[in-house]
Amino acid sequence: MILAPMQGLTEVMFRRVYEECFPGAIALAVSPFFSLTHGNLADATEKIEDVLPENNVGAIPVIPQILGKEPYEFIELGNRLFELGYREVNWNMGCPMRKVAAKHRGSGILPHPDEVRSILDAVVPQLKPSLSVKVRLGLTDREEIFRLIPVLNDFPLRSVTVHPRLGRQQYNGHPDLDTFGRVLPLFKAPVVYNGDILTGADASSIRRRFPQVADIMVGRGVLYRPTLPLDIADPSRDTSDDRALAARFIRRLLQEILSVMPSDQARVRKIKEYWCLVWKALPISEMQARTVLHEEKLTIVEKMICQFLQ
Ligand SMILES: Cc1cc2nc3c(=O)[nH]c(=O)nc-3n(C[C@H](O)[C@H](O)[C@H](O)COP(=O)(O)O)c2cc1C
């Protein structure tokens, strides 16, 4: 199982706390993306810090992800990551944000297979780490993936992660499993499935329906239910301690946020970003969970969450 990249959520702090609470439960993570538009990328300090090996001691092993379409910068950043010890980088071809997609970045590149070919033609021969990609079925039309696959197949990709939605859909609707089934046998590279895996049974049903799938990537499900990776590994495990395990994980995450974030305002913002998802692991109602989101004072937010964790 692979942890999905989630900007603002699955950075190194999360990957470290998760590994501490559930050692070995998640074999690998893809990092939230590094954007090639972030100015001087080789010194994009804040982002590079997320994958600096010294900061990743004790964290889930990670593959850095790159978002962008500029071959020169792609190669420079990719090779800098190689020097840091990374043997694989992942190209984000799935980001649905309108501003990003409008510039043919993320899912915005999917309708342009010729552009993909010219980027890969320029990047692949010069890139020291191997390359994997993460795609959606298209930006606005699922036929886009069928024109893209022959291009991707011409390059030695380590894997292709497919999130079977369109960029236009953002996270709405359901993953299109029928189209996923049609494209799966067409890829030369191993295919990783991603999208809406919320229970161990969801993962088992994907594996049963698509036995060729090489691995499963899970994002929001891990926050809704931190013990989900354990269920995926062993669907018949004893789940009686899961609430306590989740509470322990959330408490540790909270402690890390309090010690790492630079100001009370930033701490409250970060706690709420996680809280929107992780409260679901606790035996509380949505209305109770919302009371935290309405509060601005750190001491009160902290007190409320600690009460819910008891
Ligand atoms: C808050 C948030 C941030 C995300 N950031 C990234 C990102 O940096 N790179 C990327 O490829 N996908 C990103 N995604 C998409 C996820 O990796 C994943 O494809 C998506 O959430 C579907 O999987 P899930 O249903 O298991 O969550 C993000 C998703 C969310 C909700």
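Residues numbered from 1 in each chain as written. Predicted model: local features only at pLDDT ≥ 70, side-chain atom pairs only at ≥ 80, totals over all residues. Heavy atoms only, no water.

Regarding the site of the ligand
Right, on to step 1. Near the ligand, the surroundings consist of 18 residues, among which Pro-5, Gln-65, Asn-194, Asp-196 and Arg-220 are the closest.
Right, on to step 2. Asp-196 is positioned with one of its backbone polar atoms (N or O) 2.7 Å from an oxygen atom of the ligand.
Right, on to step 3. Out of a free accessible area of 620 Å², the ligand has 87% covered by protein chains.
Right, on to step 4. Grouping the constituent residues of the shell around the ligand by class yields eight nonpolar, seven polar and three charged. (Near = heavy atom within 4 Å. Polar contact = N/O pair within 3.5 Å; in protein donor to acceptor, adjacent residues only side chain to side chain. Areas by Shrake-Rupley, 256 points an atom, 1.4 Å probe, with all protein chains shown as cover. Nonpolar A, V, L, I, M, F, W, Y, C, P; charged D, E, K, R; others polar.)

Notes on the environment of Gln-288
Right, on to step 1. Structurally, Gln-288 can be placed in helix α13 (residues 286-293).
Right, on to step 2. What makes Gln-288 partly exposed here is its relative accessible area of 35%.
Right, on to step 3. On a C-alpha basis, the gap between Gln-288 and Met-304 in space is 9.6 Å, while along the polypeptide they are 16 residues apart. (Helix = DSSP H or I, 4+ residues; strand = E, 2+ residues; numbered from the N terminus. Buried < 20%, exposed > 50% of the residue type's maximum accessible area, 1.4 Å probe, protein only.)

Description of the packing of aromatic side chains
Right, on to step 1. Under the definition given, this model contains 10 aromatic pairs.
Right, on to step 2. Between Phe-14 and Phe-249, the aromatic rings sit 5.6 Å apart at their centres with planes inclined by 90 degrees, giving edge-to-face as the arrangement. Note that Phe-14 is positioned in helix α1 (residues 12-21) and Phe-249 in helix α11 (residues 242-260), a separation of 235 residues in sequence.
Right, on to step 3. When its relative accessible area of 0% is taken as the criterion, Phe-249 is described as buried.
Right, on to step 4. Pairing Phe-14 with Tyr-274 gives two aromatic rings, centres 6.2 Å apart and planes at 5 degrees, and the pair type is stacked. Taken together, the residues span a long stretch of sequence, with Phe-14 in helix α1 and Tyr-274 in helix α12 (residues 264-278) at a distance of 260 residues. Neither Phe-14 nor Tyr-274 differs from the other in exposure class; each is buried.
Right, on to step 5. Linked through ring pairs, Phe-14, Tyr-18, Phe-22, Phe-249 and Tyr-274 together constitute an aromatic cluster.
Right, on to step 6. A cation over a ring is seen here: Arg-87 above Phe-82, with NZ or CZ 3.9 Å from the ring centre. (Phe/Tyr/Trp six-rings, centres within 6.5 Å; stacked < 30°, edge-to-face > 60°. Lys NZ or Arg CZ within 6 Å of the ring centre and 35° of its normal.)

Quick word on the sheet that holds strand β4 (residues 88-93)
Right, on to step 1. Strands sit in the order β1-β2-β3-β4-β5-β6-β7-β8 around a closed barrel of eight strands; the barrel is parallel.
Right, on to step 2. Packed onto the sheet, α1 meets β1 (2-3), β2 (28-35) and β3 (62-67) and runs at close to 170 degrees relative to β2. (Pairing = 2+ DSSP bridges. Contact = heavy atoms within 4.5 Å. Axes fitted to C-alpha atoms, helices over the stretch in contact; angles between N-to-C directions.)

Points about the domain arrangement of the protein chain
Right, on to step 1. Split by domain assignment, the protein chain resolves into domain 1 (2-233) and domain 2 (242-309).
Right, on to step 2. Distance from the C-alpha centre of domain 1 to the C-alpha centre of domain 2: 28 Å.
Right, on to step 3. Each side of the interface is counted separately: domain 1 has 16 residues, and domain 2 has 17 residues.
Right, on to step 4. Summing the contributions of domain 1 and of domain 2, the shared interface buries around 1700 Å²; its carbon and sulfur component is 69%.
Right, on to step 5. On the surface where domain 1 and domain 2 come into contact, there are three salt bridges.
Right, on to step 6. Applying the counting criterion to the domain 1 and domain 2 interface returns six residue pairs in polar contact (both at pLDDT 80 or more).
Right, on to step 7. Only α1 and α9 (220-224) provide two or more residues apiece to the side of domain 1 that touches domain 2.
Right, on to step 8. Among the elements that make up the side of domain 1 that touches domain 2, the one with the highest residue count is α1 (seven residues). (Domains from an automatic or database assignment. Buried area = accessible area lost by both parts, 1.4 Å probe. Salt bridge = Lys/Arg side-chain N within 4 Å of Asp/Glu carboxyl O.)

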